[in-house]
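Structural overview
Each chain, written out:
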Amino acid sequence: MLLEMLISVQGCTNSGARSSNVSIMLNNINNSSHSWLWFVARHYSRIRPPKPVPVESVIRVSNNVARLGSRKEGPKPRQLLSLPPFPGHPLPGRNSNESFQDGQQHDGYVTAVNWIKYYFKGILGSVIESHFREGLVQMEDPISDNNLSQNEEPRRPLRKIRPNEVMKQGARIHIPVSIAEARISKRYDAIPSGTLYPNADEIKYLQRLVIYKDSAIMVLNKPPKLPVKGNLPVHNSMDALAAAALSYDYDEGPKLVHRLDRETSGIILFGRKEQSVSHLQWLFSNINNAKSSSKVWNDACESTYQRYWALVIGTPKEKEGVICAPLRKVLLDDGKTERVVLAHHSSMEPRQEAVTEYRVLGPKINGCSWVELRPLTYRKHQLRVHCAEALGTPIVGDYKYGWFVHSRWKQMPRVDVEPTTGKPYKMRRPEGLDVQKGSVLSKVPLLHLHCRELVLPNIAKFLHVFNKSSGELPRSLSAEPDVLRFVATMPSHMKISWNLMSSYLV
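Conventions adopted
Residues numbered from 1 in each chain as written. Predicted model: local features only at pLDDT ≥ 70, side-chain atom pairs only at ≥ 80, totals over all residues. Heavy atoms only, no water. UniProt positions renumbered as here; feature names shortened; annotations may be inferred. Helix = DSSP H or I, 4+ residues; strand = E, 2+ residues; numbered from the N terminus. Contact = heavy atoms within 4.5 Å. Pairing = 2+ DSSP bridges. Axes fitted to C-alpha atoms, helices over the stretch in contact; angles between N-to-C directions. Core = buried A, V, L, I, M, F, W, Y, C linked by side-chain atoms within 4.5 Å. Buried < 20%, exposed > 50% of the residue type's maximum accessible area, 1.4 Å probe, protein only. Domains from an automatic or database assignment. Polar contact = N/O pair within 3.5 Å; in protein donor to acceptor, adjacent residues only side chain to side chain. Arc of directions from axis to C-beta. Parallel < 35°, antiparallel > 145°, perpendicular 65-115°, else oblique. Left-handed = near helix turned anticlockwise from the far one by under 90°.

If you check an unreviewed UniProt entry, the protein appears there as Pseudouridine synthase RsuA/RluA-like domain-containing protein from Arachis hypogaea. UniProt, in the comment section headed Catalytic activity (unreviewed entry), describes the protein in these words: "a uridine in RNA = a pseudouridine in RNA".

Next comes the structure, spelled out in structure tokens:
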């Protein structure tokens, strides 16, 4: 109404009728309690748009045609992957007498390039060294509590480092997630289907899964959707196939030591001797039962751990922490199905203690976060329940414990903010990449839980101690490492999800 009155006032110039209309309108405006709007409207009507910011133009040539354009933007910040804090003690699985990959022998310290090569076992050294040459590797120095006041929060600025930087205890290295990108095979390997007597192709397939074997143990990289423990209707399980196809020069095949879920992939351990199987089962059930009179063996048992990589929906509130949540089993459908839930402290039902350490690897992208999990106890579905119920971030593809979140979650690119610059991420889908292989962008993604790392005692070395009354090791075996470390590559669907997450540009 006010604008119409203003236009009518400006249009009235000469005629008497128009002048009378003007006087009537002016009287109405003066009588109104909002007469100040007149001056406000006239004031804002005179404001001009801001002047354009001058941008230095440069000459661009394309298709033999020269044009004036703006300068190109500088290098965009990359998504950083956080390595765990440097332990500060001899690295598990690395012999003290063994020379490092850079060709130099270091006594009492570890350099940054060797620490990255150790953590990303299997990645070419040239790829890691190229990140150092481009200045993409940064370090977060540890800060002692004595240098901080009570109200002051610890601030750890990142700084670029060189390959020969000496690692300090508690220091963290941040490196772009592109360092762990991997090639994707165009097709899946056929999983052996169903016989207690596998043929030659199935035997070759199983032998390709073997990561390590010696006289006592055998380590395999289990693919997803392959059951570990078989029964009457299930013949293509890992224990049955390994017993039939992986005996090698032994009379009997290896026996299963610990289990993984059917949808979970990663490292699975077998024992080739009854004595090694018993010691390893004690080690995974209760570490105190596995200890003996040998101090070296006890120290090796203390260094045993597993690390999983998982892609979860959302992100935990804390970047790292410890989950102490006991579990209990619930029977559903008249005892036909079983489900694991968190046990309440007030409940009188039997429960099992479950402890898991977790650490967020990188920023939240596309509504998901990569998390590293380290179980301190080995319970059924422990990691899946802790992620879904304790953290509130179920694992992608876990429809048993995260069905409600999956029903509300859409695998569409969404706006996420880069933590250092505050700018939004934008996704660049890699060319020629099939996302319909169970990855995070497929309609029905597979379970994104992978047992990536395993550290355990060198059973073949310590069997000589158990067979003798004395706890001392013979000199011929002293050169071998006390603990062994294994790293398994992710399956194809998790590689695709990792490459998709690392392909985000700011």
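Inspection of the secondary structure puts Pro142 in the loop between strand 4 (138-140) and strand 5 (158-160). Not counting the four nearest positions on each side in its chain, Pro142 is found in contact with Gln169, Gly170 and Ala171.

Looking now at the sheet that holds strand 6 (residues 172-176). One open sheet holds the 4 strands; their spatial order is 3-6-4-5, and the pairing between them is antiparallel. In this open sheet, the two edge strands, each paired with only one partner strand, are strand 3 (80-82) and strand 5. Pairwise comparison of adjacent strand axes, ignoring direction, gives a mean angle of 35° for this sheet. Where strand 3 and strand 6 come together, 3 bridges link them in antiparallel fashion. Paired with Ser82 across the bridge in strand 6 is His174.

Among the nonpolar cores identified, the biggest contains 55 residues, and Ile217, Leu220 and Leu373 are the most heavily contacted of them. Here this core spans two domains, and each of domain 2 (193-285) and domain 3 (304-411 + 440-467 + 479-505) adds at least three residues to it. Sequence-distant contacts of Ile217, that is, excluding residues within four places in its chain, are made with Tyr212, Leu269, Phe270, Gly271, Arg272, Leu280, Ile459, Leu484 and Phe486. Formed by 39 residues, the second largest nonpolar core is a distinct cluster that contains Trp115, Val137, Ile179 and Leu500.

Mapping Glu453 onto the fold places it in strand 18 (residues 449-457). Take Glu453: its relative accessible area is 1%, and that puts it in the buried class. Engagement of the side chain of Glu453 in a polar contact is seen with the side chain of Tyr305, the distance being 2.8 Å. Of note is the side chain of Glu453, whose polar atom sits 2.8 Å from the side chain of Arg485. Once residues within four sequence positions are removed from consideration, Glu453 is found in contact with Ile267, Tyr305, Gln306, Arg307, Arg485, Phe486 and Val487.

Those residues of helix 7 (residues 238-245) that sit buried are Met238, Asp239, Leu241, Ala242 and Ala245. End-on, the buried residues of helix 7 take up no more than an arc of 165°, which puts them together on one face. Contacts made by the buried residues of helix 7 are with helix 6 (200-208), strand 8 (217-222) and strand 10 (265-271).

Quick reminder: α-helices carry 3.6 residues per turn. Residues three or four places apart thus point the same way. Among the residues of helix 10 (residues 295-302), those classed as buried are Trp297, Asn298, Ala300 and Cys301. Seen end-on, helix 10 carries its buried residues on one side only, within an arc spanning 160°.

Where helix 4 (residues 112-119) meets helix 5 (residues 125-133), the closest approach of the two axes is 10 Å, and the angle between their N-to-C directions is 135°. As the angle between them shows, helix 4 and helix 5 are arranged oblique. Regarding helix 4 and helix 5, the two cross each other, and that crossing is right-handed. Counting all contacts with helix 4, which are made through Ala112, Val113, Ile116 and Lys117, the residues of helix 5 involved are Gly125, Ile128, Glu129 and Phe132.

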